[in-house]
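Next come the chains, spelled out residue by residue.
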Amino acid sequence: MQNHMKECRNEGVPFLTFPELSELPQFHHAFSTRLGGISQGYLASMNLGFGRGDDEKTVLRNYRIFCHATGFPIGSLVLTAQDHHTNIRRVGREDRGAGILFPKPWQSIDGLITNDKGVTLCVFGADCVPILIVDPISPAIGVCHAGWRGTVGKIAAKTVLSMQREFGSLPQNLQAFIGPSIGPCCFEVDEPVEREFVALKTLQPETLIEEKSNGKYYIDLWETNARILKEAGVLKVTIGGLCTKCHPGLVWSHRASGGKRGGMCGMLMIREEEER
Ligand SMILES: [Zn+2]
């Protein structure tokens, strides 16, 4: 799979972007890597995951470093738990700082949407699939965190539906971007998980699953989410193609590290006028 993501760097902090999304001037986005932060040991160095064994102050300091290098005001961030549910939450300017400057006000939220300017939606990952969705016509944005459970639960389609319901977004106007996560080259599962994907009958699951001789299966989470988005009416879906497990020196991978790893964050906001 070709890697469509661009590696950028500012103030010594690497980050990843989608060139096609960077071309839309009203939006600002970036994905962190595992580099450029101050965490030590197996969390070295850009750990943006709270609750992964790092000191909270260190993680907060990493957020400040990353936000400064990428141009996101830290007070604009909105973070949620993202613990493998499929609930979507609409947020606005009043929620800025949630989960970073004050405790998270909500439980079990894996997707966020907004049409307010200057609100940075955060999506986490380290193998799980982070998805960014933008409506350039009637500016609105959404992010969602799709591990295999969220993928099977069609959180990507739920995010699209929420944008339709809350903002009147037309699915055909939306553009979706599938960020760094475990690729079809590396996402190996056992039969119980494979069966969950076989059940996605409308998505031609036989072409998303590759059976191995050892009784294991390889699943294409990227293409599964792309088909879910297309089924929801999104015409333009870009798969970043950067496999986390294949690039353990650049990005965090839960599987490559055996679970001893930090967290990455994808950020997306609608720019405020004066920032253009
Ligand atoms: Zn891989």
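Before any of the text, the structure's been laid out above.
So, a few notes on the structure that sits alongside this text. (Residues numbered from 1 in each chain as written. Predicted model: local features only at pLDDT ≥ 70, side-chain atom pairs only at ≥ 80, totals over all residues. Heavy atoms only, no water.)

## Details of the overall build of the chain
Operational definition: Here a helix means four or more residues in a row that DSSP labels H or I, a strand means two or more in a row labelled E, and each is numbered from the N terminus. For a compact globule the rule gives 2.2 Å times the number of residues to the power 0.38, and the radius of gyration it is set against comes from C-alpha atoms. Here's how the labels work: a residue is buried when its accessible area is under 20% of the maximum for its type, exposed when over 50%, partly exposed in between, all with a 1.4 Å probe on protein chains only. Residue contacts follow a heavy-atom distance rule, with two residues in contact if any of their heavy atoms lie within 4.5 Å.
The secondary structure content of the chain amounts to six helices and 15 strands. The C-alpha atoms of the chain give a radius of gyration of 17 Å, which matches the 19 Å a tight globule of 276 residues would have. When burial is assessed residue by residue, the chain has 57% of its 276 residues classed as buried. Taking all contacts inside the chain whose residues are at least 6 apart in sequence as the whole, residues at least 24 apart take part in 66%.

## Describing the coordination of the zinc ion
Ideal coordination angles are 109.5 degrees for a metal with four donors arranged tetrahedrally and 90 or 180 degrees for a metal with six donors arranged octahedrally. Keep this limit in mind: A 2.8 Å cut-off from the metal defines N, O and S donors, relaxed to 3.2 Å for Na, K and Ca; water is not in the atom list, so some sites may appear incomplete. Only four donors with every angle between 85 and 135 degrees are called tetrahedral; only four or six donors with opposite donors over 155 degrees apart and all others between 65 and 115 are called square planar or octahedral, in that order; all others are irregular.
Coordination of the zinc ion by the protein involves C185 (SG), C186 (SG), C243 (SG) and C246 (SG), with metal-donor separations of 2.3 Å. Coordination geometry of the zinc ion: the four donor atoms subtend angles of 104 to 114 degrees at the metal centre, consistent with an arrangement described as tetrahedral. For the zinc ion, the donor residues sit on a single chain with the sequence spacing C-C-x56-C-x2-C. Of this pair, C186 sits in the loop between β10 (175–178) and β11 (188–189) while C243 is found in the loop between β14 (236–239) and β15 (264–270), placing the two residues 57 residues apart along the sequence. By the burial criterion, C186 is buried, and C243 matches it.

## Regarding the environment of C243
Looking at C243, the relative accessible area reads 3%, which means it is buried. With residues near it in sequence (within four places) discarded, C243 still touches S181, I182, G183, C185, C186 and W222.

## Quick look at empty space enclosed by the protein
Defined as follows: Cavities and pockets were defined on a 1 Å grid built over protein atoms only: a cavity is a set of grid points that admits a 1.4 Å probe from which the probe cannot escape, a pocket is an open set flanked by protein on both sides within 12 Å along at least five of seven lines, and lining residues are those with an atom within 4 Å of any such point. Grid points are joined across faces, edges and corners, and a volume is the space filled by probe spheres set on the points. Asp, Glu, Lys and Arg are counted as charged, while Ala, Val, Leu, Ile, Met, Phe, Trp, Tyr, Cys and Pro are counted as nonpolar; the rest, among them Gly, fall into the polar class.
In the structure shown here, the tally under the stated rule is one cavity of 30 Å³ or more. Computed from the structure, the largest cavity encloses a volume of approximately 50 Å³. Of all the elements in the fold, those that place two or more residues in the lining of the largest cavity are β3 (27–32), β7 (120–125) and β15. Looking at the lining of the largest cavity residue by residue, the classes come out as seven nonpolar, three polar and no charged.

## Topic: the layout of surface pockets
Approximately 580 Å³ is the volume found for the largest pocket. If you trace the largest pocket, you find 29 residues lining it, with H84, A126, C128, H145 and R261 closest to the centre. Listed by contribution, the elements that provide at least two residues to the lining of the largest pocket are β7 and α3 (148–152). A class-by-class count of the residues in the lining of the largest pocket yields 13 nonpolar, 10 polar and six charged.

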